[in-house]
Amino acid sequence: MNPIYFKVLQMVVCSTLVVSVAGAPNTCGKLDLKTDPFTCCTIPKLLDVAIVGSCFDKYPIDKEAADKGAGGMPKTECMSECILNSTGIYNRRGELDEKKLNSVFTDSLPQNSPWLSVVRSAIKVCGAKANKKDKEFEKAVADQKKTGGKGSPVCNPEASFLVDCIHTTVFSECPANLRTTSTDCDAIWKFLKNCPFSALRQ
Ligand SMILES: *[C@@H]1O[C@H](CO)[C@@H](O)[C@H](O)[C@H]1NC(C)=O
């Protein structure tokens, strides 16, 4: 996996953690493993590395700022929004193009890839979840507009939600024959049945 993309994905996952951990079931305490989950399953690159790189340069994620809360989150959100804008998943009016969402995330996969059905299903699941959270996203945007100063960027958290959800779901559904079997990896798959990927990374 391309190191930059790898880092970005990890960062996206880590920063989203700040939000998602609050909603995780209590049984999802820290899983203290030395194993990097990505060694258990190498998921394919789903997004264009050049696009991810250029959006990352425009909206660098400052891990410390994200940890502190203030100011950190909108950057993750803007980075993801930048990715969805640049790929055309968000059209010029900022609306989600579902056809494009499907094609962008699957175009790089070969026709016979075992990941194709995994990715398609992740898009479906995550799209439905995002629809349900629509009001929540709208409210977050309204809040950013209110609290952010003039000129501070306002980005829809829907974008990071989708990017994170799709990667997490794809990882969780890693085909059995592509998984590394080890005690730690087995513990990770088990953990992911009930807990979010983000809880794993802390
Ligand atoms: C994405 O595109 C919309 C619509 O053109 C624009 O308003 C928004 O600022 C863009 N977001 C980013 C992060 O570039």
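Within an unreviewed UniProt entry, the label attached to the protein chain reads OBP47-like domain-containing protein, and the organism entered is Anopheles minimus. Taken from UniProt, the Subcellular location (unreviewed entry) comment for the protein chain reads in full: "Secreted". Listed under Sequence similarities (unreviewed entry) in UniProt, the entry text for the protein chain is "Belongs to the PBP/GOBP family."

Asker: Honestly, the overall build of the protein chain in this entry has me stumped. Any pointers?
Answerer: Helices and strands together make up the secondary structure of the protein chain, namely ten helices and zero strands. Going residue by residue from the N terminus, the α and β elements of the protein chain occur as α-α-α-α-α-α-α-α-α-α. When burial is assessed residue by residue, the protein chain has 33% of its 202 residues classed as buried. Summarising the internal contacts of the protein chain: among those between residues at least 6 apart in sequence, 74% fall at separations of at least 24.

Asker: Would you explain the nonpolar core in this entry?
Answerer: Proteins that are soluble and globular tend to have nonpolar side chains buried together. Grouped together as the largest cluster of nonpolar side chains are 38 residues, with contacts concentrated most on Ile83, Val119, Leu162 and Ile166. Mapped by element, the contributors of at least two residues to this core are helix 2 (49-58), helix 4 (72-87), helix 5 (98-106), helix 6 (115-132), helix 8 (157-172), helix 9 (183-194) and helix 10 (197-200). Of all the elements, helix 8 adds the most residues to this core, at eight residues. Contact partners of valine 119, with chain neighbours within four places excluded, come to Leu46, Phe105, Thr106, Leu109 and Val170.

Asker: Help me out: how do you make sense of the packing of helix 6 against helix 8 in this one?
Answerer: Angle between the axes and distance between the axes are the two parameters that describe a pair of packed helices. One way to put it is that helix 6 packs onto helix 8 with a least axis distance of 9 Å and a crossing angle of 140 degrees. Crossing handedness for the pair helix 6 and helix 8: right-handed. Of the residues in helix 8, those in contact with Val118, Val119, Ala122, Ile123, Val125, Cys126, Lys129 and Ala130 of helix 6 are Glu158, Phe161, Leu162, Cys165, Ile166, Thr169 and Val170. When its residues are assigned to classes, the contact of helix 6 with helix 8 shows twelve nonpolar, one polar and two charged.

Asker: I tried to follow helix 5 on my own but got confused; where do I start?
Answerer: Residues separated by three or four positions in an α-helix point in the same direction, a consequence of the helix having 3.6 residues per turn. Every buried residue belonging to helix 5 is among Leu101, Val104 and Phe105, and all of these are buried. On an axial view of helix 5, the arc spanned by its buried residues comes to 90 degrees, and they lie on one face.

Asker: Honestly, the environment of asparagine 156 in this entry has me stumped. Any pointers?
Answerer: Counting through the fold element by element, asparagine 156 comes out in the loop between helix 7 (134-147) and helix 8. Distance in space between the C-alpha atoms of asparagine 156 and cysteine 78 is 7.5 Å, their sequence separation being 78 residues. If near-sequence neighbours (up to four positions away) are discounted, asparagine 156 is found in contact with Glu77, Glu81, Phe137 and Val141.

Asker: Just to check I follow, could you spell out the packing of helix 5 against helix 6 for this structure?
Answerer: Closest axis-to-axis distance for the helix 5/helix 6 pair is 10 Å, and the angle between their directions is 145 degrees. Between helix 5 and helix 6 the crossing geometry is right-handed. Two secondary-structure elements touch here, helix 5 through Glu98, Leu101, Asn102, Phe105 and Thr106 and helix 6 through Leu116, Val119, Arg120, Ile123 and Gly127. Classifying every residue of the contact of helix 5 with helix 6 by side-chain character gives five nonpolar, three polar and two charged.

Asker: Please explain helix 6 as it appears in this structure.
Answerer: Under the 1.5 Å per step criterion, the end-to-end length of helix 6 is 26 Å for 18 residues, consistent within 8% with the ideal 26 Å. Within the span of helix 6, buried status applies to Trp115, Val118, Val119, Ala122, Ile123, Cys126 and Ala130. Summarising the axial view, the buried residues of helix 6 lie within an arc of 135 degrees, below the 170-degree limit, and thus occupy one face. Those residues of helix 6 that are exposed and aimed more than 90 degrees away from the buried face are Ser117, Ala128, Asn131 and Lys132. Buried residues along helix 6 sit in contact with helix 5 and helix 8.

Calculation rules
Residues numbered from 1 in each chain as written. Predicted model: local features only at pLDDT ≥ 70, side-chain atom pairs only at ≥ 80, totals over all residues. UniProt positions renumbered as here; feature names shortened; annotations may be inferred. Helix = DSSP H or I, 4+ residues; strand = E, 2+ residues; numbered from the N terminus. Buried ≥ 20, exposed ≤ 12 C-beta atoms within 10 Å, placed from the backbone. Contact = placed C-beta atoms within 7 Å. Core = buried A, V, L, I, M, F, W, Y, C linked by C-beta atoms within 7 Å. Axes fitted to C-alpha atoms, helices over the stretch in contact; angles between N-to-C directions. Left-handed = near helix turned anticlockwise from the far one by under 90°. Nonpolar A, V, L, I, M, F, W, Y, C, P; charged D, E, K, R; others polar. Arc of directions from axis to C-beta. Expected span 1.5 Å × (residues − 1).

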